[in-house]
Amino acid sequence: MKSILDAHVAEPGLAVVEIAAADDATAFAIQQLLAERCATARADRTTRDPGEPGIRLRFFADLRQEPDA
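Let us look at the structure shown here. Predicted model, so just to flag it, every value in this text is computed and none were measured.

Cut-offs used in this document
Residues numbered from 1 in each chain as written. Predicted model: local features only at pLDDT ≥ 70, side-chain atom pairs only at ≥ 80, totals over all residues. Heavy atoms only, no water. Salt bridge = Lys/Arg side-chain N within 4 Å of Asp/Glu carboxyl O. Helix = DSSP H or I, 4+ residues; strand = E, 2+ residues; numbered from the N terminus. Core = buried A, V, L, I, M, F, W, Y, C linked by side-chain atoms within 4.5 Å. Buried < 20%, exposed > 50% of the residue type's maximum accessible area, 1.4 Å probe, protein only. Contact = heavy atoms within 4.5 Å. Pairing = 2+ DSSP bridges. Axes fitted to C-alpha atoms, helices over the stretch in contact; angles between N-to-C directions.

### Description of the pattern of salt bridges
In total, this model carries 6 salt bridges according to the counting rule given. Its salt-bridge partner being Arg64, residue Glu11 comes within 2.5 Å of it at the nearest N-O pair. Linking Glu11 in the segment before β1 (14-21) with Arg64 in the segment after β3 (55-62), this pair joins segments that are 53 residues apart in sequence. Linked through salt bridges whose partners overlap, the residues forming this network are Glu11, Asp62 and Arg64.

See below:
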């Protein structure tokens, strides 16, 4: 995965969320739960790290804003 940039966490309330899960469905379900509670820039695909179990999903959250209706 790409490095986290300073801009992604430059202010209080900004976060990078990385999920490790057994499968895509689980990772996207967790992303959806968090998206219902805060504004997110959602990811649309997962990645696999060679030699590591499961998949990874990274997205960005802004706790300062309400989620989209």
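### Some thoughts on the nonpolar core
By size, the foremost hydrophobic cluster in this structure holds 10 residues: Val17, Ile19, Ala21, Ala27, Cys38, Ala43, Ile55, Leu57, Phe59 and Ala61. The dominant element in this core, judged by the number of residues it contributes, is β3, at 4 residues. Once residues within four sequence positions are removed from consideration, Ala61 is found in contact with Gly13, Leu14, Ala15, Val17, Cys38, Ala39 and Thr40.

### Concerning the sheet that holds β1
Here we have 3 strands laid out as an open sheet, ordered β1-β3-β2, and antiparallel in their pairing. Where the open sheet ends on each side, the last strands, each with one partner, are β1 and β2 (39-41). The mean angle between the axes of side-by-side strands here comes to 35°, regardless of whether they run parallel or antiparallel. Of the pairings in the sheet, the one linking β2 to β3 comprises 3 bridges and is antiparallel in character.

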